[in-house]
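Letter by letter, the chains look like this.
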Amino acid sequence: MAQVSKEEIIRISGVNPLKCMRCGKCSATCPSYEEMEYHPHQFVYMVEKGEIEPLLKSADSLYHCLSCFACVERCPRNVEPAKLVEAIRLAVIRQQGQNHLKPETIPEVLDEDLPQQAIVSAFRKYSK
Amino acid sequence: MQKIGVFVCHCGTNIAGTVDVHAVAEALKEEPGVVFSADYPYMCSEAGQNMIKDAIRDYQLTGAVICSCSPRMHEATFRKAATSAGLNPYLVEIANIREQCSWIHKDMPTATEKAIILGKAAIAKVHLNAPLTAGESPVTKRALVIRGGIAGIQTALDIAEAGFPVDIVEKQPTIGGKMTQLDKTFPTLDCAACILTPKMVDCAQNENIKIYSYSEVTDVKGFVGNFRVTIKRKARYVDETKCTGCGICTEKCPMKKVPNEFNLGMNNRTAVYIPFAQAVPKVATIDPEHCNMLKNGKCGVCAKVCTAGAIDYKQKDEFIEQEYGAIVVATGYNPIKLDRYDEFAYSQSKDVITSLEFERLTNAAGPTSGQLLRPSDGKHPHTIVFVQCVGSRDTSGCGKEYCSKICCMYTAKHAMLTREKYPDTDVYVFYIDVRTPGKNFDEFYRRAVEEYGVHYIKGMVGKVAPRADGTLLVQASDLISNEQLKINADLVVLAAAIEPDKTARPLATMLTASMDTNDFFTEAHPKLRPVESPTAGIFLSGTCQGPKDIPETVSQASAAAAKVIGLLVKDKLTCNPCVAHSDEWMCNGCSSCEKVCPYGAITYSDKEFKMPDRTIAIRRVASVNEAVCQGCGACTVACPSGAMDLKGFSNRQIMAEVDAICK
Amino acid sequence: MIFSYYPGCTLKTKAKELDRYARLSAEALGITLEELPEWQCCGGVYPMAKDEIATKLSSVRALASAKALGHDLVTLCSACHNVLKQVNHDMAADENIRTKANNYMQPDEAYGGETKVIHYLELLRDTVGFGELAKQVKNPLKGRKIAAYYGCLLLRPGSVLQMDNPENPTIIEDFIRALGAEAVVYPMRNECCGGYVTLENRELANRRSGAVLESAKECGAEMIITACPLCLYNLNKNTDGYDVPVYYFTELLAEALGVKEGGACDGAGQ
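Throughout this document, residue positions are counted from 1 along each chain, in the order its sequence is written. All chains are assigned letters beginning with A, and all ligands numbers beginning with 1, in the order in which they are written. Owing to the predicted nature of the model, reporting of local features is limited to residues with pLDDT of at least 70; listing and counting of side-chain atom pairs is limited to 80 or more, with chain, interface and lining totals taken over all residues. Side-chain figures throughout are based on the complete set of non-hydrogen atoms in the structure, without hydrogens or water.

Engineer: Explain the interface of chain A and chain C residue by residue, including any values.
Structural biologist: At the interface, 44 residues of chain A touch 47 residues of chain C. Interface area, chain A with chain C, both sides summed: about 3900 Å², of which 56% is carbon and sulfur. Computed with a 1.4 Å rolling probe, the buried area is the accessible surface lost when two parts are put together, summed over both parts. For chain A, the biggest contributors to the area lost against chain C are A:Phe69, A:Gln117 and A:Arg124; these three give 18% of the whole. Salt bridges, as used here, are contacts in which a Lys or Arg side-chain nitrogen is within 4 Å of a carboxyl oxygen on Asp or Glu. Between C:Glu191 and A:Arg74 there is a salt bridge, and its shortest N-O distance comes to 2.8 Å. Any N or O atom pair separated by 3.5 Å or less is treated as a polar contact, with the protein-specific requirement of one donor-capable and one acceptor-capable atom, and with residues adjacent in sequence counted only for side-chain atom pairs. Linking chain A with chain C are 24 residue pairs in polar contact (both at pLDDT 80 or more), by the criterion used here. Only heavy atoms enter the contact rule, under which two residues are in contact if any of them lie within 4.5 Å.

See below:
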């Protein structure tokens, strides 16, 4: 996987991690906390420190974020951690051959009630 | 022929770091009228001042321009130096080449060019300066303290002790403020009532102090030494001079379901009430919103039972006017409303309370007689979660950007006292940072942790979910162990941010005192003049100026009193000679100036004028009372004929400055 | 009253009831919903990145088309609402995104976020009024204990969506009361059901929707209503056996207004 700079992540996300005062409120109610290797507050801290690579490699963290905006809504400093997760995820899937979800897998997971919305959303989040 | 001296200050590297001060002195030497120009490392030092004095004498200067810091900093210093060398102080001008030049530019050529231009403007003005002599005005030897919480009480007591009369105007029926609602006070855990009520009684008994309770300031006119204040004494429907505070009316009043504000609505009071047992003045008040007699004329029980005959349903609001030499603002604070923090379920569960409510729940005079019981079911809570920084340090637009300063300590106090009284209780405190600067403060907090076993967890609570079984599911971060915690709590206590009282903003307008964006009053200098407002004669006491705990409030309250005393001991104050004057020949009598004057300094009268054709004309013209005028300049802007002008800041002088800058 | 209407992809297939009963109810309430011509799928999720332009264009087209028609744009599916509303906000507030999107589409008139996007629930609250809605109810849903499930997309981020208090919303509860039923308030009503992650991690979605169902059930809910097809799916696919049926809010609306075909939403047949 190609290297991605901290500046690139900040540019894509529009997030300024320096605004964070390290209260951890974003991670307090993150519904995917248990599933994620790095938690929302760690995304903010690690981007600030320029530790991008471990985040790029952490599929558990990138693909379990539900984009539910709980961290964005509750942050007292308007940091918007979800946008950092999204930026890192994009930095991965925009690279050649890094799509997380492939069309071939859809028939396996399909059931008759599954709304289109789920498939469309998953492709938006997991593939380019 | 003008002989002007120019003095360019380096201010160490403050100015010289970005401005080529030598080049400035050299360039200004070439200006018309300049006979002396030099630079010096510290113009405000004794040697620097001597340089100015020597030049005034040696060159017989008719004017001086000091290129230095803001006139707010050292104008008085340099004017004093000039006076001692025999130059009228109003022939000294300051060119601000620090705050308005060196501090805001990075590039030396740019800053140097601008400094030269600012110097030229000041020189152009000095050419037109005239010597001015300051008049004097008398000082009314009485002080007004607005609000009677611990800040106002301390200020009033200190002023009274120095022998000056002082009035306290308090909006509530009693003085005492927020401190009356507290249980114990950190870091020594004295009972708040035990240390406050003697001071309240002192106020009542001190013959120099008059308490206007249940009253508000509605209008302020005048200026330092001579304020004229209108005080509204709200009708309390009880004659204060007759009421003995026996309380029989409050026992018999049939209207018993009024939320009791003293206990933050956690129990009820009657429509006629005395806020609490130690109220000062201990006089009943009828709440007109809930009294049946006042609402529909049906009742009258309190009048029947009052043996002193103090009840007066016909009482009306009364306005009194009083003169003061100084005004102290002590309007205090309130916890913020929590309606934008519904993730903590304050509005959804009775068992989520604020810290101030917690004070009432642990106070012997509170709704539970000091028993810590859950508001929902009256049971003893076994797990309590304290949440810090609720609405403080918040830039999301929901709360306050600042640190409320008192919460870390009172939460440590709450946690410690809970563990002491109820050792079977688990107490958690969620914090972002624990801030305990202050004498014996950090030791106090550490005691809560080390001796009382309070669980301090670094992290914020994200959500409080009220569950069907009556418990509160608290979801939070534990940042040290990198865990997401879920705690089933019985009681959640929110350390709500504090904000200035809502009456502060309209009061500031009345006083023409400045405020910051958070509605805290601004001090004249954040470090060196912390208890004075920039508006002369207005002083600041307590949390109206910024968040403070009790020790700090009391210190500031006494400091404000010292400043007031320093003013009131003077018999006369030197006036500002830079006042307006009216050219009666140009005045057309339109009254525009009179309408805009905030000080009532302008009057109109009919005067006889000898006209060129030797006839006598009677014309209505404006004249300025120089003792009252504060030199704000509003009239000079409003005057359509150009008759009004400000001494020391005449239109000609200002235009000369503008011309010099634009040249 | 005429509104432009954006149904979204799922409402044409798996969530036909959500759409059909919204239309029937609107008709009964005297409101005309005109489906936007040639609308395209919104993409299901709001593209958060500042440099994502193409993924926002389908929303911009719908918004610009509503502007051209001169009507406010009504949405129904929570996801579509979230995406359209957030993209609209970008078009109004983010100059970079606005310029690039307009440069790309080359419309006759540049679009700058002028269209007002309103959710069907807001239409009921602010245009019809819940008081008036209550008067129009023919079959009051008396005695039913109904829990509102907002999920995350309808309310967040609150500063952009501005539908209701994101932490203690009342709009669906007020709607339930207007229909004559009892609203069950429970704390998990604004937490995520697991969303699209259900596609590759059923376990996660099961846990998330389980937490929602457990909370609703614990507070006495007999049924749950939602505006989102994916929420409905995730709640229904939960395998922990909470036995709380989930409906679209429009099904209940149609039933109360007496325009629903078939049986009542009483849990039978789910």
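We are not done yet, so read on.
Engineer: Tell me about the nonpolar core, and please be specific about residues and values.
Structural biologist: Nonpolar side chains tend toward joint burial in soluble globular proteins. Take the buried residues of types Ala, Val, Leu, Ile, Met, Phe, Trp, Tyr and Cys, join any two whose side-chain atoms come within 4.5 Å, and each joined set is a nonpolar core. In this scheme, a residue with accessible area under 20% of its type's maximum is buried, one over 50% is exposed, and one in between is partly exposed, where area comes from a 1.4 Å probe on protein chains only. Among the nonpolar cores identified, the biggest contains 144 residues, and C:Tyr120, C:Leu133, C:Ile172, C:Phe175 and C:Phe249 are the most heavily contacted of them. Comment: elements are numbered from the N terminus, with helices defined as DSSP H or I runs of at least four residues and strands as E runs of at least two. The biggest single contributor to this core is helix α7 (residues 81-93) of chain A, with 9 residues. With 57 residues, the next largest nonpolar core counts B:Val139, B:Val280, B:Val579 and B:Val624 among its residues.

Engineer: Describe the interface of chain A and chain B, listing the residues and the values that go with them.
Structural biologist: Listed as interface residues are 19 residues of chain A and, on the opposing side, 21 residues of chain B. Area buried by chain A at its contact with chain B is led by A:Met21, A:Lys25 and A:Ala28, which between them contribute 29% of it. Inspection of the region where chain A meets chain B yields 1 salt bridge. The closest approach of N and O atoms between B:Glu343 and A:Lys25, which form a salt bridge, is 2.7 Å. Viewed at the interface, chain B and chain A are joined by 15 residue pairs in polar contact (both at pLDDT 80 or more). Contributions of two or more residues to the side of chain A that touches chain B are made by α2 (25-28) and α3 (40-49) of chain A. Residues are grouped as follows: Ala, Val, Leu, Ile, Met, Phe, Trp, Tyr, Cys and Pro are nonpolar; Asp, Glu, Lys and Arg are charged; all remaining types, including Gly, are polar. Among the residues making up the side of chain A that touches chain B, the classes are represented as 7 nonpolar, 7 polar and 5 charged.

Engineer: Quick rundown of the pairing of strand β26 (residues 483-489) of chain B? Include the residues and the values.
Structural biologist: Residue and element names in this part refer to chain B. Looking at chain direction, strand β25 (residues 472-478) and β26 are connected through 7 bridges and run antiparallel. Looking at the pairing, valine 474 lines up with isoleucine 487 of β26. From the end of β25 to the start of β26, which pair antiparallel, there are 4 residues, and asparagine 482 there has a positive phi angle of about 55°. In short, DSSP must find at least two bridges between two strands for them to pair.

Engineer: An account of the packing of aromatic side chains is needed here, citing residue identities and associated values.
Structural biologist: Only centres within 6.5 Å qualify two rings of Phe, Tyr or Trp (six-membered ring in Trp) as a pair; their planes then separate them into stacked at under 30 degrees, edge-to-face at over 60, and tilted for everything else. A complete count under the given rule lists 16 aromatic pairs over all chains for this structure. Ring centres of B:Tyr341 and B:Phe344 lie 6.4 Å apart, and the angle between their planes is 15°; this geometry places the pair in the stacked category. Accessibility expressed as a relative area gives 4% for B:Tyr341, which makes it buried. B:Phe344 sits in the buried class, given a relative accessible area of 0%. Consider the rings of C:Tyr6 and C:Trp39, whose centres lie 5.3 Å apart with planes at 55°: the pair is tilted. Residue C:Tyr6 is found in strand β1 (residues 2-6), and its partner C:Trp39 is found in the loop between β2 (32-35) and α2 (57-69); the two are separated by 33 residues along the sequence. Through a chain of ring-to-ring contacts, the aromatic side chains of C:Tyr120, C:Phe130, C:Phe175 and C:Phe249 assemble into a single cluster. B:Lys210 extends its terminal NZ or CZ atom over the ring of B:Tyr212, reaching a point 4.9 Å from the ring centre. Only when the NZ atom of a Lys or the CZ atom of an Arg is both within 6 Å of the ring centre and within 35 degrees of the ring normal do we say a charge sits over the ring. The lysine or arginine in question, B:Lys234, covers the ring of B:Tyr214, its NZ or CZ lying 4.5 Å from the ring centre.

Engineer: Help me get a handle on the domain arrangement of chain B, residues and values and all.
Structural biologist: Residues and elements named next belong to chain B. As used throughout, domain bounds are those supplied by an automatic or database domain assignment. Under the domain assignment used here, chain B contains domain 1 (4-126), domain 2 (143-226 + 324-332 + 501-568), domain 3 (248-305), domain 4 (336-497) and domain 5 (580-647). On a C-alpha basis, the centres of domain 2 and domain 4 stand 30 Å from each other. The partner domain 4 presents 20 residues to the 17 residues of domain 2 that form the contact. Both faces considered, domain 2 and domain 4 share a buried interface measuring about 1600 Å² in area, 66% of it formed by carbon and sulfur atoms. Counting the surface domain 2 buries against domain 4, the share from its top three residues, Asp183, Phe186 and Pro187, is 35%. Between domain 2 and domain 4 we count 5 residue pairs in polar contact (both at pLDDT 80 or more) in total. For the side of domain 2 that touches domain 4, the secondary structure elements donating two or more residues are β8 (184-185) and α16 (550-568).

Engineer: Lay out the pattern of salt bridges in plain terms, naming residues and giving numbers.
Structural biologist: Taken as a whole and assessed by the stated rule, the structure comprises 67 salt bridges over all chains. For B:Arg147, the salt bridge goes to B:Glu170, with nearest N and O atoms at 3.2 Å. In this pair, B:Arg147 is assigned in the loop between β6 (143-146) and α7 (150-161) and B:Glu170 in the loop between β7 (166-169) and β8, connecting sequence segments 23 residues apart. Both residues of the pair, B:Arg147 and B:Glu170, count as buried. Across the pair B:Arg236 and B:Glu240 runs a salt bridge whose closest N-O atoms are separated by 2.9 Å. Relative accessible area serves as the criterion here: at 30%, B:Glu240 is assigned to the partly exposed category. A network of salt bridges, in which partner residues are shared, links A:Glu8, A:Arg11, A:Arg94, A:Lys128, C:Asp51 and C:Glu52.

Engineer: Which residues make up the environment of C:Ala147, and what values do they have?
Structural biologist: Residues and elements named next belong to chain C. Structurally, alanine 147 is set in strand β5 (residues 145-149). A sequence separation of 66 residues divides alanine 147 from leucine 213, and the C-alpha atoms of the two residues are 9.8 Å apart. Every residue in contact with alanine 147, bar those within four places of it in the chain, is listed here: Ile176, Val184, Tyr186, Ala216, Ala221, Met223, Ile224 and Ile225.

Engineer: Could you give an account of the sheet that holds strand β12 (residues 226-233) of chain B, naming the residues involved and the relevant values?
Structural biologist: Residue and element names in this part refer to chain B. Overall, antiparallel pairing links the 3 strands, which are arranged β11-β12-β17 in an open sheet. Edge positions in the open sheet fall to β11 (215-223) and β17 (318-324), since each of these has one partner strand only. The mean inter-strand angle of the sheet, taken between neighbouring strand axes irrespective of direction, is 20°. As paired strands, β12 and β17 are joined by 7 bridges and run antiparallel to one another. Within the sheet, the bridge partner assigned to threonine 230 lies in β17 and is glutamate 321. Axis lines are fitted through C-alpha atoms, for helices just across the contact stretch, and the angle between N-to-C directions can take any value from 0 to 180 degrees.

Engineer: Explain the environment of A:Ile93 residue by residue, including any values.
Structural biologist: Residue and element names in this part refer to chain A. Topologically, isoleucine 93 is positioned in helix α7. Considered as a pair, isoleucine 93 and lysine 128 are 35 residues apart in the sequence and their alpha carbons are 6.1 Å apart. Every residue in contact with isoleucine 93, bar those within four places of it in the chain, is listed here: Tyr63, Gln98, Asn99, His100, Lys125, Tyr126, Ser127 and Lys128.

Engineer: Explain the side chain of A:Lys83 to me, and be specific about the residues and the numbers.
Structural biologist: In this fold, A:Lys83 is placed in helix α7. Accessibility expressed as a relative area gives 11% for A:Lys83, which makes it buried. When near neighbours in sequence (up to four residues on either side) are disregarded, A:Lys83 contacts A:Ser13, A:Val15 and C:Met48.

Engineer: Hey, could you go over the confidence of the model for chain B for me, with residue numbers and the actual values?
Structural biologist: Confidence scores here are pLDDT values: one per residue, from the predictor, ranging 0 to 100. Looking at chain B as a whole, its pLDDT mean stands at 96, while 100% of the residues score no less than 70. What the predictor reports for the complex is a pTM of 0.90 with an ipTM of 0.96.

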